[in-house]
Amino acid sequence: MASMRDIKRRRESIQSTSQITKAMKLVSTVKLQHAKGRAEETKPYFDKMYETVSGMLSRSGNVDHPLLSEREKTGNKKKGVILISSNRGLAGGYNSNIVKLVTQGDFPVEDTIVFPVGRKGMESVQRLGYTCQGDYSEVMNNPLFGDAVSIGKTVVSALESGEIDEVYLAYTVFKNTVTHIPTLIKLLPFTQEDIQNMEEAAAKPEETDAGDGAKKAEALMNYEPEESETLGYIIPMYMNSLIFGALVEAVASENGARMQAMDSATSNAEEMIDKLGLLYNRARQSAITQELTEIVAGASAIE
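Residues numbered from 1 in each chain as written. Predicted model: local features only at pLDDT ≥ 70, side-chain atom pairs only at ≥ 80, totals over all residues. Heavy atoms only, no water.

Quick word on the overall build of the protein chain
Then, number 1: Secondary structure assignment for the protein chain yields six helices and five strands.
Then, number 2: Tracing the protein chain from N to C terminus, the helices and strands come up as α-β-α-β-α-β-α-β-β-α-α.
Then, number 3: Sorting the 303 residues of the protein chain into buried and exposed places 40% on the buried side.
Then, number 4: For the protein chain, contacts bridging at least 24 residues in sequence account for 74% of all contacts bridging at least 6.
Then, number 5: In the form shown here, the protein chain has an accessible surface area of approximately 17,000 Å², with 52% of it arising from carbon and sulfur atoms. (Helix = DSSP H or I, 4+ residues; strand = E, 2+ residues; numbered from the N terminus. Buried < 20%, exposed > 50% of the residue type's maximum accessible area, 1.4 Å probe, protein only. Contact = heavy atoms within 4.5 Å. Areas by Shrake-Rupley, 256 points an atom, 1.4 Å probe, with all protein chains shown as cover.)

Considering the confidence of the model for the protein chain
Then, number 1: Residues at a pLDDT of 70 or more form 83% of the protein chain, whose mean pLDDT is 83.
Then, number 2: Confidence drops under pLDDT 50 across residues 205-217; counting only partners more than four residues distant or on other chains, this segment forms eight contacts. (pLDDT = per-residue confidence, 0-100.)

What to know about unusual backbone geometry
Then, number 1: Backbone torsion omega between Leu188 and Pro189 reads -10°, so that peptide bond is classified as cis.
Then, number 2: Counting through the fold element by element, Pro189 comes out in the loop between β5 (180-188) and α5 (192-203).

Structural notes on the pairing of β5
Then, number 1: Note that strand β4 (residues 166-174) and β5 share eight bridges and pair antiparallel. Residue pairing across strands places Tyr171 opposite Thr183, the latter belonging to β5.
Then, number 2: Hairpin connection of β4 to β5: five residues between the antiparallel strands. (Pairing = 2+ DSSP bridges.)

Details of the pattern of salt bridges
Where charged atoms of side chains with opposite charge meet at close range, the side chains can pair.
Then, number 1: Under the definition given, this model contains seven salt bridges.
Then, number 2: When the shortest N-O distance is used, the salt bridge between Asp263 and Lys25 registers 2.9 Å. A residue pair is termed long-range when its members are at least 10 positions apart, and Asp263 in helix α6 (residues 227-302) and Lys25 in helix α1 (residues 4-58) qualify at 238 residues.
Then, number 3: You can call Lys25 partly exposed: its relative accessible area is 27%.
Then, number 4: With a closest N to O distance of 3.6 Å, Glu249 and Lys43 form a salt bridge. Remark: Lys43 occurs in helix α1 and Glu249 occurs in helix α6; sequence separation between them is 206 residues.
Then, number 5: Classification of Lys43 by relative accessible area gives partly exposed; the value is 33%. (Salt bridge = Lys/Arg side-chain N within 4 Å of Asp/Glu carboxyl O.)

What to know about helix α3 (residues 119-127)
Owing to its 3.6 residues per turn, the α-helix aligns residues three or four sequence positions apart on the same side.
Then, number 1: Along α3, the residues that are buried comprise Gly121, Met122, Ser124 and Val125. Down the axis, α3 shows its buried residues gathered within 165° of arc, on one side only.
Then, number 2: In this structure, the buried residues of α3 make contact with β1 (79-84), α2 (94-103), β2 (112-117) and β3 (131-132). (Arc of directions from axis to C-beta.)

Digging into a nonpolar patch on the surface
Then, number 1: A cluster of nonpolar side chains, namely Ile288, Leu292 and Ile295, defines an oily patch on the protein surface of about 280 Å² accessible area.
Then, number 2: By the element assignment, Leu292 lies in helix α6.
Then, number 3: The exposure class of Leu292 is exposed, given its relative accessible area of 51%. (Patch = residues over 30% accessible without salt bridge, like charges linked within 9 Å, V, L, I, M, F, W, Y side chains within 5 Å.)

With respect to the side chain of Ser253
Then, number 1: Its location among the elements puts Ser253 in helix α6.
Then, number 2: Here Ser253 is in contact with Tyr94, Thr172, Val173, Phe174 and His180, once residues within four sequence places are set aside.

Points about the sheet that holds β3
Then, number 1: Strand order in the open sheet made by the five strands is β3-β2-β1-β4-β5, with mixed pairing throughout. Both outer strands of the open sheet, β3 and β5, are each paired with one neighbouring strand and no more.
Then, number 2: Two elements, β1 and β2, share six bridges in a ladder whose sense is parallel. Following the sheet pairing, Lys79 is matched in β2 by Thr112.

Now the structure itself:
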């Protein structure tokens, strides 16, 4: 059995750690309330933008635009991944789960460029040999739409120059306080299969208000000015909107994950303190018993 001094030191150390984790939990709770409200406010716009662009493409027929058309290329395609993680740890499996989407997915090290948003994710993929372009770690402190525009411009520029052929977004969806879902979505380009699926979804018969099952006429999309000019403005806005929505949801998810992790750490620390208290009392009782035995034995020897 450990000595009373060792047990006391360990218990004091755990008590200090418990105070820290409790404080971090309170801070994360306050930050979560703000981030949660912001995520709930931006999510409708985030979803509507994707729905609008999908609807446009499904009614545009054969779209010929460099940002939307899949390139014919021999060999492996270069993939760009916008990886949104956090700048700090102590958030359970939050960062490791989002990194696994890349490292355990179809993203070969030699054919993937990572655009890291968050220091922890960047450090993890760099250790595995992935190429990182840029460092947007400061964005996670307080994401703004201008930050999403800056990231979007860099990625679109890389796509237009042929440095990458596909763009993916890896982030954590904030569902509620305790549920955060690591998600990987493809932003660009849309394959013919993607556009065909959109067309099929748009061509499905829709019931009228009277419920007679009549088909609703769907007209092809007309662009004014030219298609290329219009899409050249809309597609970057689509990307920027999705990136900003992902940033906001990632911040809420991070604080939710950290709050849960610190709550679990505090509970575990309290359990350990209780166990060490019992051990300390047993060691103390054993020491008292031994002293009494020695006193009695000494008294018996004198008699």
